[in-house]
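Working through the structure, step by step
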Amino acid sequence: MNAEIGLSATTGEGLPLKGVKIDATLQGIVSEVSVTQIYKNNEPTNIEAVYTFPLPVDAALLELSVEINDKRFQGQVLAATKAEEVYEDAIVSGDSAILLKKIQPGLFSVNVGNLLAGESATIHFRYAQLHRWQGDRLRFYLPTTLAPRYGAPLDAGLADHEIPQHSISCRYPFSFQLSITGALADAQCHCPTHAITRSMNEEGCQLGLPEAANGMDRDLIIEVEKPANYQGEGFWAKDGEQMVTLSSFYPQLQAATTREPRCFKLLVDCSGSMSGDSIRQARMALSEIVKLLGADDYFNIIRFGLHHQALFPECMPADETNLLAAEQLLTELNASFGGTELGAALQACFELKAPVGMGNDILLITDGQVWDSESLIIKEAIKSEQRIFTVGVGTAVSEALLSELATSTGGASEFVTPNEEMGKRIVQHFKRIAQPALAHSQVHYPSKPKRYSPERLDGVFLNDTVHQFAWFDDTSVDSAKFDAQQVSNAEKLSQSVLLQEWSPGSDTLARLAAHSRLSALAKDEATALALQYQLVTEHTYCVCVKHNEQQQELPLPELRTVPHELPAGFSGLGTVELEHVVSAMDSPHDANCIPSDGVVYSSPASRGEPRECLDITPFLRCEAPVDRHIGYLAESLNRKYTSTNSLQLPQMDLDKLFILGEVTWVVDALASLRSGKVTEAQLVAAWLSVYNEVQSGIPLSRHVTRLVKRLCRELEVSEHLIEAIRNTMASAKASHKQGGNKLDELTI
């Protein structure tokens, strides 16, 4: 891998991520993927590099290690709060540290803190994934970049420093190798996104990218065709003193040729992010679907962006006149609706009238590029009691939202990149919509399991995949059988698989099985299970610390956010052609780094930034009176003390705290605690150390919080004083809300 290709932005500023290497194996329906990220600090000071990146939504993160100066350090999974604390303590102390966290399904971040001047860090992490068949193909999916999304990332749970940035000039070297073994080793493979090499050896099929550097500007997709007579497979492995099995089936029957008429609500994303390849794919998909409507079906087409617009005021019969109107609409379909108000559009779909007694489903075609309200959207979708089938289009689809929308409503999802066979995929997906799910789906074993995951097999369709983990005390279980029944004609289906031993000595299957249980558990139980099996989740992070000799001399690191490449074909910037990409590098714009704001997209990173755009001499500017309110102090400190300057937080008395904008009742509460035992500087430092716990609204930034921690150490602020401040402020806040004044009763 050439680590010197595309390493600098147009300004000459060094980008800390130097390249990514992927080594993967696909053993039957389970893949293990090892990711190596190489960071190098070319700057004269220590930095903290933050990279927010996507992984498959069902990936189980298993391991993290880091190599610095030829020494390897192993990460440990801890409860999220504890891991953050360990990481922050290391950064403030001048040690180097790595923090790997899961922000939300399919979205992770890695923080490389205190990477010293001239130093390199090689980060390794490994994840496992259980794959599913889409029709007669298994889809190996490797996301490499994040597209700009519409909405507010802070509302989606991201911290300021985790908000992804994008650049049209960065390009990261990327290498990929995939070894296919087991039942699929001889299967036909196809890559619709990249030019790949293929060879066979004694281990199986070897796929890879050519030696030339490949940009991370689109998802990498490998499609594996189903071998003849393949019906499924199964594995077993030791899990402590017990045995865990994975049974996977591919239920196939001839689908019923007749079906009941249905009502189809076709919801298509026409926002700006769909420009180019995505809207072209959506147009193709809808054209295919309209051809498949029966004369007794009902339908409607709803376009959405910042607003939504239905073709008809209510769902209409699929007769000649209405189909002609649909075809006319599709010829004019374009991405001109601005932002992506998905929630409002879905709500309009739910409320569209359909014939009484007729089953109605929603087919959503989108790239899924939205940040906020995801949980609310899912909640409303479940409440509607309408199935949602999703088609994700584009080169970097947001897989998590579309998968969750489909599975939580009893639908299914399909993802299609520009070079995949759109027509065939849509026909397959539409047939799935027209069928009811299989009835009485159940897996039987020779012995009764102690536990299943999932416990119920609902929403299984013909030609879909059925996975189930099971745990046994009996270690002689060697087979499993799947039974189900077609609703339309009562035809029964039965398939059996023999269980093979998973790679001896490997704990991957046991940890993958534990990961499958997490979504069904309460937070405390899920956290305990994740810690037991050392899994990275929303509640458990992986942290790794390296001690630095010169730690006392280090300033706090300057923040560097690693930008993403813009997806190929995004917003009409080029298009994706087979084995060749016309990328955004050809854009005439002379911008170095494009954050996800602009005409269409939200402005994620502007909060708290200084506004120096006014063409007015500074001494002529008139300062407005201080608008003293809760959060003003945080705004003042966050604006003045940033990770891009070397200012240290000074010792402050209560007058200085008031001048900076703290509200009166807080200053009064602190004043009530003055005594000969503590100084005002210690009181202020102790208050700032608990500020984010007590005050609502704008919090102190991560950098200011680190400066406060250093100041507390310098002033030798005791835990006893911090606890006293915490209790005092909680009481003072309650008293202030009630309009009373009991500050005289407060003591340290």
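Scope of this entry: the structure provided in the associated data block.

Criteria and thresholds
- Residues numbered from 1 in each chain as written.
- Predicted model: local features only at pLDDT ≥ 70, side-chain atom pairs only at ≥ 80, totals over all residues.
- Heavy atoms only, no water.
- Pairing = 2+ DSSP bridges.
- Helix = DSSP H or I, 4+ residues; strand = E, 2+ residues; numbered from the N terminus.
- Contact = heavy atoms within 4.5 Å.
- Axes fitted to C-alpha atoms, helices over the stretch in contact; angles between N-to-C directions.
- Buried < 20%, exposed > 50% of the residue type's maximum accessible area, 1.4 Å probe, protein only.

**Here's the deal with the sheet that holds strand β11 (residues 137-142)**
Here we have 4 strands laid out as an open sheet, ordered β10-β11-β17-β14, and antiparallel in their pairing. Two strands lie at the open edges of the sheet, namely β10 (133-134) and β14 (189-190), each paired on one side alone. In the packing of helix α7 (residues 422-434) onto the sheet, the strands contacted are β10, β11 and β17 (220-225), and the crossing angle to β11 comes to about 115 degrees.

**As for helix α10 (residues 632-640)**
Along α10, the positions that sit buried rather than exposed are Tyr632, Leu633, Ala634, Ser636, Leu637 and Asn638. Looking at the packing, one finds that the buried side of α10 touches α11 (654-659), α13 (680-689), α14 (691-694) and α15 (702-715).

**Concerning unusual backbone geometry**
Looking along the chain, the bond that leaves Ser453 and enters Pro454 is cis, with omega of 0 degrees. Inspection of the secondary structure assignment puts Pro454 in the loop between β28 (451-453) and β29 (466-472). Positive phi is not limited to glycine here, since Asp70 has a value of about 65 degrees. Mapping Asp70 onto the fold places it in the loop between β4 (60-68) and β5 (71-74). Residue classification places Asp70 among the exposed positions, given a relative accessible area of 81%. With a phi close to 55 degrees, Gln534 is a non-glycine residue in the positive phi region.

**Re the sheet that holds strand β3 (residues 47-54)**
The 6 strands lie next to each other as β6-β32-β7-β8-β3-β33, forming an open sheet whose pairing is mixed. Each end of this open sheet is capped by a strand with a single partner; those strands are β6 (76-79) and β33 (558-561). On average, each strand axis in the sheet is inclined to that of its neighbour by 25 degrees, with strand direction left out of account. Here β3 runs beside strand β8 (residues 107-115); their pairing, made up of 7 bridges, is antiparallel. Following the sheet pairing, Ala49 is matched in β8 by Val112. Packing against the sheet, helix α1 (residues 80-93) makes contact with β3, β6, β7 (96-104), β8 and β32 (540-546), and its axis sits at approximately 25 degrees to β32.

Read these as spatial facts, not as claims about activity.
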